[in-house]
Structures are given as structure tokens and as C-alpha cells.
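Structure assessment
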Amino acid sequence: MAEPAYTVASDSETTGEEKLSATFSETAIGIDIGTSQCSVAVWNGSQVELLKNTRNQKMMRSYVTFKDENPSGGVSSQLANEQDVLSGAAIFNMKRLIGRVDTDPVVHSSKSLPFLVQTLGIGVRPLIAALVNNVWRSTTPEEVVAIFLVELKAMAEIRLKRPIKNVVLTIPASFSRFQLTRIERACAMAGLHVLRLMPEPTAVALLYAQQNASQNTNTGSEKIALIFNMGAGYCDVAVTATAGGVSQIKALAGSAIGGEDLLQNMMRHLLPDSESLLTSCGLDDIKSVGLLRVATQEAIHSLSSQTNVQVDVDLGNGTKICKVVDRGEFEEVNQDVFDKCASLIIQCLHDAKVDTEDVSDVIVVGGCSYIPKIKSLVMSTCKKQELYKGMNPLEAAVSGAALEGAVASGLSDPFGSLDLLTIQATPLAIGIRADGNNFVPIIPRSTTMPAQKDLIFTTAHDNQAEALIIVYEGEGKKVEENHLLGYFKITGIPLAPKGVPEIRVILDIDASSVLRVLAGVLMPGSHQPVNPVMGVRMPTVDDGHGWCAEALNRVYGSTLDLVTVQRKI
Amino acid sequence: MSVSAVSISQFSLPKAFQVEDHFTAISKPIWRWRRQGCPASRFRCGKREAWKMKATNMGKNYYELLGVSVDSNAQKIKQAYRNLQKKYHPDVAGQEGHEYTLKLNEAYKVLMRENLRKEYDASIGEMRGNYSSSSLGRTSSWNGPLRPQGLFVDENACIGCRECVHHASSTFIFDEALGCARVKLQYGDDEQKIEVSVDSCPVNCIHWVENEELPVLEFLIQPQPKEGFGIFGGGWERPANVFMAAKSFNKQTHNENHGRNSRASTVEEEETPAQAKARADASRKINMEAASGLFSRFWQWQNKPFWGEKEE
């Protein structure tokens, strides 16, 4: 039987076994799809090698242009100049938009991008479109990512002279499980099979574990490292304990802040009414925004190496910006972003139960690691005088992904360079709605994976025969602040006064991060569930999920509610 | 929230929740190795099924799961945890490792937190009270994953030749005070070294015993102070045939547990080390009567095992 050209990540039951069975054949490649740049790496038998495109670049810009019938991405197409990306035909920053609904503030901040991001504010997918021959051609973030992945795949196939199927992708720690399904879907569209989705800092942690294992082979001493990864779209922090090639993730924290926020704050600083430029969506306005964007980006890059920079740009609509910006100004307008970065580090250290003096190495990677303020901020928060030097900040994540690809493909290395393991932790808490509108976490964040936890709930009303299990992911106390993952109903609860039936909810996350929710009803004194247990693989929600919770609330109110059972520990 | 996987198995869930299968799968290669490697030591105290049954209970004891001794420090536990993860993490072992890794994570979490560990120690305190705590330093600890069998030196038979210590120095130590060798660290050396050391014993006093037998044997082999009457008696003694003693010890423990379970509502009584010792002494006396010469008895034992060995 011929191999299927691609596998589709099914919405329903795709068991972990199926996922694994197809894997152990070839070395999976590691792909880092960044908000602004992408790279591909592979274990070549003795070390990690970054693959270069036909223009001899290791880093490829993440964008897709819709100029004619065939959209083309930044891997293969040669661009005349920077401004060409900004003609309205190029779509980029999709990593910030994938899997988000139009009520999300991140989507709203993306409206200043030089293409169409239309929001209706009702909790559905935003409309994204590129300007092709003066027509807005609609697309989706998944499609854009998939087009880009197809090009990356083709490039890797040419370089490695073999078909590529299995990949390890790096993802931001703050991605919700729903966003992960969107990434998986994009991979399926591109004919790739996702072996692992690794939070970016954990990929860096794996690389760090390998570097440490090769340096001192037999010392079993444990080293704790803090990894700070900030790219264009996301900022992630991880605390890892490493010994003997095993990297144990102690805690993860992440947020959708990044270079893009710095850029937008700076654009606003240079041109206070820059947002009004895009209201009419005309061709000239897009060009103006594009020019401002390019000029600001260059200014920020220059400020990493010099203390002030001259911005001189003609936006073409009569507005001219001619200004000297110094580093202090840049740091001042972005104070909120930097504060948020520091709070992520503090939170991560707290979750890991690690003091700054226990941290032996501080690793700063990602595109923003060149910004002096970021470096000094991380050092001062961690009370360290210097940063770890053994890594290329732009290549660390993709190298870690390639290592994981080799390990997960079952490769071994005669010199023990692949004697590695990452023990992952959950980046976000997962739980259900109970006690009114509260979010009750069942698996807290930074729990070691695989994990299995259960909690007992009971009915909120007398003679309640049915109950809704609504699963959320996030950190908020109220359900609205969290990501909805799915919902199902338990029926056939024996009629009893409220508080008597026990509803046991089990969450199971396996090592490839597949979440299963199991729920069954127990009556006191019995050890057998009353009815067959419900087992649902999450997430089950689809694009319009912003509506779901509200719809459920409108139809059922609080009639199918659950309350937690207080247990003595 | 002290609900564990035990309660989950009450829901008849798909195969993911069967601990025993994973355990046996893990232990199989070691079994094979032992058979081929040591054809001489034919005796075994149990059979595979017994081990399998026991495995479910084993999962409850986090120390056994991690293969560390009860007095291990955090560093040792961490190391053991990492080594086991490297073998059984689903990234390495595939989906089969899922259940085992879950257990490992749970065990690690409890043992790494001082308050949880104390609580846990209290909950299993009964077991430790019986033999381990009274004999700290004299029992063997484990290196690497839990395996179905361990090494045991019959110190009665040991002539103090130091051959085993010479061949596998991490596994055996020589007790200068007693003039005999003892297992310090199970699987402390690689398999070949252990095999050589077992074969090297001129009096064949190194035995492979079932895991669950090991603590009892190690407890009983220790010299116990003997009560003296005036100028007679006193000093130290140990059972002449430790295997017989262990057998009756287990039988009694079993009976006692059985009795205890039938009186389900009564408070569980903890057996004090003194009681355990008294029982051991009693069984020892019975054995003394039955026995005449150490070696002759021993050969009998090997040829006619007691626990209904099945020839496979």
C-alpha cells in the first residue's frame, strides 16, 4: 500500500498510538516558525545542522505574498526590496493570529499591519485578506502557515535528498491547546506529520542539556538554568533542571508580547496617529504604514548597537518624519513590555520554587535578545552578572527541536550525544467550570507530563440528572478569562439530593501532550460508575468557539452546574 | 486531593490503566538474562505470577518504584528518577511507558517535597517498622530500576573469601566485624561482573532471590542479641537457615494480615520490631529442630523448592 501523501489531524479520536506508530522510520526535522523568521534544522548523524535555502540563508522571513495565482513564501521567492513585502499583498505575523478569535486583544493590535485584519468582535475568526490587483483576497492564518511550511518542506527535501514527513515544531509556551490544533492543521495541510510540538524554551533547554552532557559526561550534578526567549511575537520563560542529558522543565511561563509590541509602541511614538492611517484601507495608506514600519524596525535594530538613531522617512501622504530617537526614549515607551517580561521571569522562578542564587546559567535567546534593555533586565531580575554564552540566540530553539526530532525518531548516537530527554511540564492549568462561574483547575500549570489528575464534583441541585463538563485552559479565576477547550454532558445521574452523587473528572495528558477528559458518576458506597464513563479528547471546539460558552449559558443557565467536593487532604 | 490511580481503575477504562502489564513487560528481559546467566542457582522463592501480582502493590511504594532506599537523600532520588525516566519515558519507550511514567512522576513529586514525604512515610511506616528501620545500613539499596530479583548473601555460609567483593566491588562489601560479605547495592555493577562474582563464590552462598523476599531475608540474617542466663548464652545469633526462617516469617505475616483484613473495622495494629523479632526467633527455633547440617539442608532446599515452582 502506498503511503498517504499526508495525514490529517482529525478533530475527533486520533489516538496516541496512531500518532506514534508512523514515527520511527526517519529522522524528524526541527522547524522553528517564528513570527518574523523561520528556520529548519536536522540531526545529520553527528550534530545539528541548519538547512540553508537557495540564497544561502539559514533564517528565512515568515511571510507569504499573494501576487498572482500561486502564493509564494519567504523561503524561495526573491524580494526586490523590503517595501515589496508591504504592498498589501504580503501576509505575515501569522503566528500571532493563528487560533485567535476577534475579541482577542492580540488580534486587535494586529490591525495596524499592512494588510486586512477585520474583526467583528463576536468571538469568531477574524477575516484576513491580502491585496491582490486591488482585490482583497481572503485567507486564513492556517493557510498562510501551511503555504510557508510547504516551501520549507520542499527546501529540506532538496537539501536532504529524501522525502520529509515527520517534524518537530517549536511553539510559544502561551499557546492554548486550541492554537496547537491550528498549527497541527497547518502541518496537515502541508503534508507534514507533527511528531512533537515543543514550547520554544524547552527546545532551548534540550540544547543546553546536550551541551552540558557533552562537557561533563559523568558528573551527576544538577544545574538549574533560566531560559528567556523573546522573539517578534511571543515571550517565553522556562526554568529547567539539567543533569546527565535529562532536562526537567520545572516551570513555564509565557505571554504574547514581543518585538512586534516594541515596534508598534515605537511607531505610535514616532507618529501618534499611526493607527488612523489604516482606517480607510486604501492602497496609499497601506504603503504609508509599510514605510513607517520598515523605518521603525530599522531604527530599533540600530538602537541595539548605538545609543541614538536618526529616523528620516517620507510616508508619501504629505507626512514626513524627521527625528532623532535615543535609546532612553525607546526604553521609556516600552516600559510596560519590559515590566511584563520581568514579571514573567519572577512568576516562573516562583512556580519552579527556585531562588535566583540556585540558578547557575541564564540563557537569553530569540530576536529580542539583542536589545540591551532586555539583557540587562533579565540579568538584574535573575541577579546575575553575565549571561550564558554557548548558544546562537537565533538558532537555539530550532537546534533543540532538531535534537528532539532525532531523539523522538529513536536515533541513538555512538558518542552519547543523543542520550537526551526532556521532561515537559504543562504551561497552563487545565480544569473545568464549577462553583458557579469559577474555573477549577484540575491539572495546575507546571505539572510534569505525562500527568493524570482527578477531582470529584457533585451536583448543584436536587434531583439533577445531567451535568455539563466544560473544560478550560488558563490561569484566570473566572472561566471567561480562560481558553475554552470543549464541553460535553453527563447524563443519567441517579436522582438524589444535591451533593450526593460523585462526579469524578479525570484529566490525562500523555507525553505527546494529548489531553483526554474522562468523567463518570459514582454513587456513595459504590466503586463502579453508574453509566459508562465519558472519554473525550480535547480540544473539541472549532473556530467560532468564542460563542460557545455564551450559548451554553443561554440555553442551560445554571441548571446543569457542578460544585466541587471539599476533601480533607 | 490524595486520590490516586488506584481509584481510577475502578472505572473500567481502556488498557491504559493496567499497571501490572507494564511491570511485567519491563521485567522480562531481566528474567531472561538471569536464567541464561546463572544456570547454577536454580532455586527461586516464587514464580512469575506471584511477582506480577505483587507488582500492583509495589506501585504503591514509591521508594521501591524509584529503586532507592528509604533513607535516600533528595540527590539520590533525583538521580534515580532521571535514570528511570531515560528508560521509560514515552519519548524513549513509546506509549507503553505512559502509565509507568505517571507513577514515577507521582512518586517523585511526593518524595521531593519534605512535607509530602513525611506524610507518605507515615502512611507506609508499618512496612518499614517491620524490618528496614531497625536495620539501617545493613540492608541493600537499589541501583537503577526495580527488578524482580535481587542478590542475597547467606552470611551463615559465607567463608569470607572476598571473591565477590573483588569481582563486583560496587555491589558487595565485606563486613570486617562479622567476617562475611554482604550486598550493599543491588545491581551496583554491570551484569557481567555480577554474574562472575556469583559464580566465583566457592560455597555458592550468593543467591538470586525474589524481590519481595529480600527485605525479610536481610532482616533475618542480621545477628540479633541473644538473651543470656547468667554466664550462659548471651552474645549474638542468627537463624541457621535464613530461608526457612523467612518462609515461616512470611507465613505468619500473611496469616496476620489475613486476620486483620477480616476484621475490617478494627484499627490496624502496627507490628513493632520487637514482635517481628519474637516471631523470627520462634520460627528459628522450629527450624533448628528440623535442621541438622547446614549444607545438606541447603541442597535439599535447592532440589525441592517450597513455593510450588513451576517448570517452564
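Looking at an unreviewed UniProt entry, one finds chain B named J domain-containing protein and attributed to Prunus persica.

In the nomenclature of an unreviewed UniProt entry, chain A corresponds to Heat shock 70 kDa protein 8 from the organism Prunus persica. The record in UniProt for chain A states the following under Sequence similarities (unreviewed entry): "Belongs to the heat shock protein 70 family."

All names here are of chain A. Among the eight residues of strand β13 (residues 223-230), seven are classified as buried, and the element is accordingly described as predominantly covered. Sheet topology places β13 next to strand β14 (residues 235-243); eight bridges connect them, and they run antiparallel. Bridging from a neighbouring strand, Ile-224 pairs with Ala-241 of β14. What sits between the antiparallel neighbours β13 and β14 is a turn of four residues.

What follows concerns the pattern of salt bridges. Residues and elements named next belong to chain A. Taken as a whole and judged by the stated rule, the model has 21 salt bridges over all chains. Ionic pairing is found between Glu-404 and Arg-196, a salt bridge with its closest N-O pair at 3.6 Å. Pair noted here: Glu-404 is in helix α13 (residues 396-408) and Arg-196 is in strand β12 (residues 193-199), with a separation of 208 residues, a long-range link. Note on Glu-404: relative accessible area 3%, which makes it buried.

Locating Ser-369 of chain A in the fold gives a position in the loop between β18 (359-365) and α12 (372-381). Reaching out from Ser-369 of chain A, the side chain makes a polar contact with the backbone oxygen of Gly-366 of chain A at a distance of 2.6 Å.

Moving on, we get to the sheet that holds β18 of chain A. Residue and element names in this part refer to chain A. Read across the open sheet, the five strands follow the order β18-β13-β14-β15-β19; overall the sheet is mixed. Bordering the open sheet on either side are β18 and β19 (421-423), each of which pairs with just one other strand. Averaged over all adjacent pairs, the angle separating strand axes in this sheet is 25°, with direction ignored. Of the strand pairs in this sheet, β13 and β18 are connected by six bridges, and their pairing is parallel. Counterpart to Leu-226 in the pairing with β18 is Val-362. Of the strands in this sheet, β13, β14, β15 (246-255) and β18 are in contact with helix α11 (residues 335-352), which crosses β15 at around 140°.

Residue and element names in this part refer to chain A. Scanning the model with the defined rule gives nine aromatic pairs over all chains in all. A centroid spacing of 5.4 Å and a plane angle of 80° characterise the contact between Phe-175 and Tyr-234, whose relative ring orientation is edge-to-face. Highlighted residues: Phe-175 in the loop between β11 (166-171) and α6 (177-189) and Tyr-234 in the loop between β13 and β14, separated in sequence by 59 residues. Classification of Tyr-234 as buried rests on a relative accessible area of 2%.

In this section: the sheet that holds strand β26 (residues 515-522) of chain A. Residue and element names in this part refer to chain A. Taking strand neighbours across the sheet as the criterion, the five strands line up as β27-β26-β25-β22-β28 in an open arrangement whose pairing is antiparallel. For this open sheet the edge positions go to β27 (534-538) and β28 (562-564), each flanked by a neighbour on one side alone. Averaged over all neighbouring strand pairs, the angle between strand axes comes to 30°, with direction disregarded. In terms of strand pairing, β26 meets β27 through five bridges, oriented antiparallel. Of the residues in β27, the one forming a bridge with Leu-518 is Gly-535.

Calculation rules
- Residues numbered from 1 in each chain as written.
- Chains lettered and ligands numbered in written order.
- Predicted model: local features only at pLDDT ≥ 70, side-chain atom pairs only at ≥ 80, totals over all residues.
- Heavy atoms only, no water.
- UniProt positions renumbered as here; feature names shortened; annotations may be inferred.
- Buried < 20%, exposed > 50% of the residue type's maximum accessible area, 1.4 Å probe, protein only.
- Helix = DSSP H or I, 4+ residues; strand = E, 2+ residues; numbered from the N terminus.
- Pairing = 2+ DSSP bridges.
- Salt bridge = Lys/Arg side-chain N within 4 Å of Asp/Glu carboxyl O.
- Polar contact = N/O pair within 3.5 Å; in protein donor to acceptor, adjacent residues only side chain to side chain.
- Axes fitted to C-alpha atoms, helices over the stretch in contact; angles between N-to-C directions.
- Contact = heavy atoms within 4.5 Å.
- Phe/Tyr/Trp six-rings, centres within 6.5 Å; stacked < 30°, edge-to-face > 60°.

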